[in-house]
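Read off the chains here:
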Amino acid sequence: MPVLNHVESPRRASDAIHDEVLPAGCGWMRDLKKGQFFRILDLEGNQAVDTLFYDAADPSDRYSAVDTIRAQGNIFLTAGTRLLSGEGKALLTIVADTCGRHDTLGGACSAESNSVRYALEKKSMHNCRDSFLLALSRRNGWSKRDLTGNINFFMNVPVTPDGKLAFADGVSAPGKYVELRAERDVVALISNCPQLNNPCNAYHPTPVRLLIWDSA
Ligand SMILES: [Zn+2]
């Protein structure tokens, strides 16, 4: 395992304008203003936080894993990564990261992937795609066509020498966090993964803490 990035934030939780705990299995959708800072904190370690971002002024322009990877020449997201939209706009920049590596290749779990990866009777189990859709459905004009390839914060999905994706042991731990600065007004959509069949979270999904600060 290479040495992982470790960049701490100067912001204190007591100065945050928003601070909440999102239980495992819950969806979350919220606007972030340009200049605001947004932290996702892994309370118990190795939780997967499936996340998407949209340009608030034009939600059809949204986070693009392909453009983000190509621009930085690296498949992992960490401090310094600019999250780009499909039209090449910088939506947010990762400004702090004490975990060091986040996946954006593995996608979100769904009823379909649960039944293909694990067993047919797992199809009805709670999954990220359903949490995304439930959160989206509370806003007018949003639908399943707004879902695209997402970020899996705190998930470790290395690529093997022969090009395979390895869902490896997590590199996160209790208290590790990632923090982003909004480069324009954006909408954030999260599914705090409820997955009970994947060893990446030790079969035990856990809550995360979400904090927002106004621009410095
Ligand atoms: Zn999931």
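For clarity, every value in this text was computed on a predicted model and none was experimentally measured.

Before going further, it helps to examine the sheet that holds strand β7 (residues 90–97). Spatially, β1-β11-β3-β9-β7-β6 is the arrangement adopted by the six strands of the open sheet, whose pairing is antiparallel. Looking at which strands have only one partner, the edges of the open sheet turn out to be β1 (18–22) and β6 (82–84). When strand polarity is set aside, the average angle formed by the axes of neighbouring strands in this sheet is 20°. Summarising the sheet, strand β3 (residues 37–42) and strand β11 (residues 208–213) pair through six bridges and their orientation is antiparallel. Note on β11: the bridge partner recorded for I40 is L210.

This brings us to the coordination of the zinc ion. In the first shell of the zinc ion, the protein supplies C109 (SG), C128 (SG) and C193 (SG), at 2.2 to 2.3 Å from the metal. Counting the intervening residues between successive donors of the zinc ion yields the motif C-x18-C-x64-C. On the criterion of sequence distance, the pair formed by C128 in helix α3 (residues 128–136) and C193 in the loop between β10 (186–192) and β11 is long-range, its members being 65 residues apart. Like C128, the residue C193 is buried in the burial classification.

The rules we used
- Residues numbered from 1 in each chain as written.
- Predicted model: local features only at pLDDT ≥ 70, side-chain atom pairs only at ≥ 80, totals over all residues.
- Heavy atoms only, no water.
- Pairing = 2+ DSSP bridges.
- Helix = DSSP H or I, 4+ residues; strand = E, 2+ residues; numbered from the N terminus.
- Axes fitted to C-alpha atoms, helices over the stretch in contact; angles between N-to-C directions.
- Donors = N, O, S within 2.8 Å, 3.2 Å for Na, K, Ca; no water.
- Buried < 20%, exposed > 50% of the residue type's maximum accessible area, 1.4 Å probe, protein only.

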